[in-house]
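Topology and contacts: notes
Below, each chain spelled out in residue letters.
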Amino acid sequence: AGGIGITPIKAMAQALQARGTPFMLHYSGRRPEEMAYRDRLTLEFPEKLQLYFSRIAGHARMDIDALVRDAAKDAVFYVCGPVTLIDAVVTSTRQLGIAPERLQFESFS
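Residues numbered from 1 in each chain as written. Predicted model: local features only at pLDDT ≥ 70, side-chain atom pairs only at ≥ 80, totals over all residues. Heavy atoms only, no water.

**Considerations on the overall build of the protein**
Helix and strand counts for the protein stand at four helices and four strands. Each helix (α) and strand (β) of the protein, taken in turn from the N terminus, gives the series α-β-α-β-α-β-α-β. Against the globule reference of 13 Å for 109 residues, the protein gives a C-alpha radius of gyration of 13 Å, in line with a compact fold. For the protein, buried positions account for 33% of its 109 residues. Sequence-distant contacts, at least 24 apart, represent 62% of the contacts inside the protein between residues at least 6 apart. Carbon and sulfur atoms make up 53% of the accessible area of the protein, which totals about 6800 Å². Each charge class in the protein can be summarised by its mean position, and for the 13 positive and 12 negative side chains these summaries are 2 Å apart. (Helix = DSSP H or I, 4+ residues; strand = E, 2+ residues; numbered from the N terminus. Rg over C-alpha atoms; globule rule 2.2 N^0.38 Å. Buried < 20%, exposed > 50% of the residue type's maximum accessible area, 1.4 Å probe, protein only. Contact = heavy atoms within 4.5 Å. Areas by Shrake-Rupley, 256 points an atom, 1.4 Å probe, with all protein chains shown as cover. Lys, Arg positive; Asp, Glu negative; His and termini not counted. Charge placed at Lys NZ, Arg CZ, Asp CG, Glu CD.)

As structure tokens, this is what we get:
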């Protein structure tokens, strides 16, 4: 998720958690204080949440290619956020030969 795109992704993560389905939640924002639900997500998903800060020096940015490449072979990718994030995930999944039905996305602006 990127920015306010966390809104629908949060609900999906909560449903997966309730079902006991394994998942990882990757959430990128400019700064921690600007990220919606950050504190709540940190408490709800301590082992399943990875935060990225694009405007904080010294913090890792989300490496889309690595995340897609290292995901489980049957992973389904759900992406919501800025067009640049969605485009990066679409490009990465295509380059890695991931079936289009394994990628679901929605632009949230």
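Right, picking up where we left off after that structure.
**Here we look at the packing of aromatic side chains**
Tallied over the entire structure, the rule returns one aromatic pair. Residues phenylalanine 23 and phenylalanine 45 carry aromatic rings whose centres are separated by 5.5 Å and whose planes lie at 85 degrees to one another, so their mutual orientation is edge-to-face. Note that phenylalanine 23 is positioned in the loop between helix H1 (6-19) and strand E1 (25-29) and phenylalanine 45 in the loop between helix H2 (38-44) and strand E2 (49-53), a separation of 22 residues in sequence. Note on accessibility: phenylalanine 23 and phenylalanine 45 belong to one class, buried. (Phe/Tyr/Trp six-rings, centres within 6.5 Å; stacked < 30°, edge-to-face > 60°.)

**Description of the pairing of E1**
By the criterion of burial, E1 is predominantly enclosed, with four of the five residues buried. With five bridges connecting them, E1 and E2 associate as parallel partners. Across the sheet, residue leucine 25 finds its bridge partner in E2, namely leucine 49. Crossover E1 to E2 through H2 is right-handed. (Pairing = 2+ DSSP bridges. Right-handed = clockwise from strand over helix to strand, strands pointing away.)

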